[in-house]
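Chain by chain, the residues run as shown.
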Amino acid sequence: MLLSLAAGLSEVIGDPARVLTAPATVERLSKDFYWYSPVLKRQLESKVGEIAVQPVSVEEVLGVARFARDHNIPITVRGAGTGNYGQCIPLHGCIILDLALMDRLEEITSDGVAVCQPGLRLGALETEARKQGWELRMYPSTLAKASVGGFLAGGSGGIGSVAHGGLRDFDNVRAFEVVTMEAEPRVVLHEGAAVHEILHAWGTNGVLTRIWFALTPAVEWSQFTAAFDTYEEGFLFAKAIAEGEQWKKRLVTVFEWPIPSFFVPVKQVVAQDKTLVLMMIATDQLNELQEAAVKAKGEVTFTGAYTGPRTQPLLSDYTWNHTTLWAMKADPTWTYIQAGFSPMKCMEQFRLLRERYGKEILFHVEFMKNGEGVIIPGGIPLVYFTGEERLNELIAYCREIGVFIANPHVNYLEDAGRYRADNIQLKAKQKYDPRGLLNPGKMISFQPETQAK
């Protein structure tokens, strides 16, 4: 079976070297950082594809899609594999469609839009964009490794979202071309509001092959950290900067103690037993920010220029979900949830969670702007894992007190984050993948046409 599959795909791809059958290679390309969740680690660690292919053109992607459709074989699309939710882990065997070699930056337009293939690494795009006077609007903490296509398919926001929102907001994603899994696979252009059919759908309803990704004019940034005696002092200072329209910022993060103690490589910026605030601020506002921090009873512990993805130390390596990774290195019992706190009621929400769960939950807040322009204390709180039942109870309680939760401990779209309430992702799957051959099992509200009644 594997030999005939490899032979058939080699004809489609045209280069047997890009049809991969070695078990260790196929297993590596079948995995992401799903093990951030102890629940997903147990559920997904045995899941693996049958074969992997690495196309270099949209024509080859179309050929693989036709082959899979003709033989009724599932396809799971892979970006760079830096996600944390098992998005690219096949549940039912399949062809792994690895887009890493489709990594060309076609152009950066005069109005600041990057036209690129999905395998382009975000770090490479940031570096080239800055040479031309532009930069990424937002990016995950996995900047060096993550791909543009993987970010659009499985991400939502990151560094920069405090100013520019998430991928869904403010026309950050202008357009993309998608290969479908219809009776005759084809390339469909989605632009404007139509991108939301496919955006953050984990490759369940189309394969991204060309992307128009909006940039923003480059800014000279500085990195900044300050320590505060209490979490409330640090949080309120960070909130004021995040919400203040006069501040030009790219990152505003708050870590309560002992989270900063996990950041061993940058221990020089950490103050014992104190909350740490980390920011990227326009260099021409750095002195004013330092004065504001001191006025708010903070101790400035570090300032330094950001010169691009290779900056050392790169403090964004400790934010967003990298924070969870550093915690797990210190103690593998730590895991996380993804939360959106109320801008008006967040202090009360923090109090209620602390009263009920004590230090089972540690507050790590990332400020971001939503599509209405409101600054949200989002975040990725750390949770000390004592069992799935306790974790689910915590998630349910968060929702009960008005904290939005995107559950990173499930492997399907409907509860894992950015599933659309208007069901346009589901409708797109019904239209573009009626047999359910794209990443099956990850959109549980979908029913393949062969089973529909």
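Residues numbered from 1 in each chain as written. Predicted model: local features only at pLDDT ≥ 70, side-chain atom pairs only at ≥ 80, totals over all residues. Heavy atoms only, no water.

Asks: Provide a residue-level description of the overall build of the protein, including the pertinent values.
Replies: When helices and strands are counted, the protein shows 13 helices and 21 strands. Here the C-alpha radius of gyration of the protein, 22 Å, is about what a compact globule of 453 residues would show, namely 22 Å. Counting only residues that meet the buried cut, the protein has 60% of its 453 residues in that class. Long-range contacts, defined here as pairs at least 24 residues apart, represent 72% of the contacts in the protein between residues at least 6 apart. Surface exposure of the protein reaches about 17900 Å², of which carbon and sulfur atoms provide 51%. Across the protein, 45 positive and 52 negative side-chain charges occur, with their mean positions spaced 1 Å apart. (Helix = DSSP H or I, 4+ residues; strand = E, 2+ residues; numbered from the N terminus. Rg over C-alpha atoms; globule rule 2.2 N^0.38 Å. Buried < 20%, exposed > 50% of the residue type's maximum accessible area, 1.4 Å probe, protein only. Contact = heavy atoms within 4.5 Å. Areas by Shrake-Rupley, 256 points an atom, 1.4 Å probe, with all protein chains shown as cover. Lys, Arg positive; Asp, Glu negative; His and termini not counted. Charge placed at Lys NZ, Arg CZ, Asp CG, Glu CD.)

Asks: Describe the pairing of strand 13 (residues 275–282), and please don't skip the residues or the numbers.
Replies: Counting buried positions along strand 13 yields eight of eight residues, so the element is predominantly enclosed. As defined by bridge partners, strand 11 (residues 221–228) adjoins strand 13 across eight bridges and the pair is classed as antiparallel. Across the sheet, Ser 222 pairs through a bridge with Ile 281, a residue of strand 13. Looking at chain direction, strand 12 (residues 249–255) and strand 13 are connected through six bridges and run antiparallel. Across the sheet, Val 254 pairs through a bridge with Val 277, a residue of strand 13. (Pairing = 2+ DSSP bridges.)

Asks: Mind laying out the pattern of salt bridges, listing which residues take part and the relevant values?
Replies: Under the defined criterion, the tally for this structure stands at 27 salt bridges. Note that Arg 18 is salt-bridged to Asp 15, the shortest N-O span being 3.6 Å. According to the relative accessible area criterion, Asp 15 is partly exposed, its value standing at 30%. The salt bridge involving Arg 351 is made with Glu 348; its shortest N-O contact spans 2.5 Å. In this pair, Arg 351 and Glu 348 are both assigned in helix 11 (residues 346–357), three residues apart and thus about one turn of the helix distant. The class for Arg 351 is partly exposed, based on a relative accessible area of 36%. Linked by salt bridges that have partners in common, Glu 126, Arg 130, Glu 135 and Arg 250 make up one network. (Salt bridge = Lys/Arg side-chain N within 4 Å of Asp/Glu carboxyl O.)

Asks: Can you explain the side chain of Asn 407? Please cite residues and give values.
Replies: Note on placement: Asn 407 falls in the loop between strand 21 (404–406) and helix 13 (424–432). Here Asn 407 falls in the buried class, since its relative accessible area comes to 5%. A polar contact is formed between the side chain of Asn 407 and the backbone nitrogen of His 409, at a distance of 2.9 Å. In this structure Asn 407 touches Ile 395, Arg 399, Asp 415 and Ala 416, once residues within four positions along its chain are discounted. (Polar contact = N/O pair within 3.5 Å; in protein donor to acceptor, adjacent residues only side chain to side chain.)

Asks: Summarise helix 12 (residues 388–400); cite the residues concerned and give the values.
Replies: Structural remark: α-helix, 3.6 residues per turn; residues separated by three or four positions point the same way. Given a rise of 1.5 Å per residue, 13 residues ought to cover 18 Å, and the 18 Å separating the end C-alpha atoms of helix 12 matches this to within 8%. Those residues of helix 12 lying buried are Leu 391, Leu 394, Ile 395, Tyr 397 and Cys 398. Buried residues in helix 12, looked at end-on, bunch into an arc of 160°, giving them a common side. Along helix 12, exposed side chains directed more than 90 degrees from the buried face belong to Glu 389 and Glu 400. Once helix 12 finishes, Gly 402 follows within two positions and takes phi at roughly 90°, a positive value. (Expected span 1.5 Å × (residues − 1). Arc of directions from axis to C-beta.)

Asks: Any details on the packing of helix 11 against helix 12? Residues and values, ideally.
Replies: Here helix 11 crosses helix 12 at 155°, and the two axes come no closer than 11 Å. As far as their axial angle goes, helix 12 and helix 11 are roughly antiparallel. Of the two elements, helix 11 crosses helix 12, and the hand of that crossing is right-handed. Where helix 11 abuts helix 12, its residues Leu 352, Leu 353, Arg 356 and Tyr 357 lie against Arg 390, Glu 393, Leu 394, Tyr 397 and Cys 398. Here the residues of the contact of helix 11 with helix 12 are counted per class, giving six nonpolar, no polar and three charged. (Axes fitted to C-alpha atoms, helices over the stretch in contact; angles between N-to-C directions. Parallel < 35°, antiparallel > 145°, perpendicular 65-115°, else oblique. Left-handed = near helix turned anticlockwise from the far one by under 90°. Nonpolar A, V, L, I, M, F, W, Y, C, P; charged D, E, K, R; others polar.)

Asks: I'd like a rundown of helix 8 (residues 231–243), residues and numbers included.
Replies: Taking 1.5 Å of rise per residue, the 13 residues of helix 8 would be expected to cover 18 Å, and the 18 Å separating its terminal C-alpha atoms lies within 8% of that figure. Taken together, the buried positions of helix 8 are Tyr 231, Gly 234, Phe 235, Phe 237, Ala 238, Lys 239, Ile 241 and Ala 242.

Asks: Quick one: what's the story with the environment of Gln 246, residue by residue and with numbers?
Replies: In this structure, Gln 246 sits in the loop between helix 8 and strand 12. For Gln 246, a relative accessible area of 52% gives the class exposed. A sequence separation of 130 residues divides Gln 246 from Cys 116, and the C-alpha atoms of the two residues are 33 Å apart.

Asks: Account for the packing of helix 8 against helix 11, naming residues and giving values.
Replies: At their nearest, the axes of helix 8 and helix 11 sit 12 Å apart, and the two run at 150° to each other. Judged by the inter-axis angle, helix 8 sits roughly antiparallel to helix 11. When you trace helix 8 past helix 11, the crossing you get is right-handed. Residues Tyr 231, Glu 232, Phe 235, Leu 236 and Lys 239 of helix 8 form the contact with helix 11, whose own contacting residues are Cys 346, Met 347 and Phe 350.

Asks: If you had to explain the packing of aromatic side chains to someone new, which residues and values would you point to?
Replies: Within the structure shown, the criterion is met by 18 aromatic pairs. When the centroid spacing of 5.4 Å and the interplanar angle of 75° are considered together, the rings of Tyr 231 and Phe 350 count as edge-to-face. Taken together, the residues Tyr 231 in helix 8 and Phe 350 in helix 11 connect sequence positions 119 residues apart. For Tyr 231, a relative accessible area of 13% puts it in the buried group. The structure contains a cluster of three or more aromatic residues connected by ring pairs, namely Tyr 231, Phe 235, Phe 341, Phe 350, Phe 363 and Phe 367. Positioned above the aromatic ring of Trp 326, the side-chain terminus of Lys 329 is 4.2 Å from the ring centre. A cation over an aromatic ring shows up here: Lys 429 above the ring of Phe 446, its NZ or CZ 5.0 Å from the ring centre. (Phe/Tyr/Trp six-rings, centres within 6.5 Å; stacked < 30°, edge-to-face > 60°. Lys NZ or Arg CZ within 6 Å of the ring centre and 35° of its normal.)

Coordinates in, geometry out; function isn't part of it.
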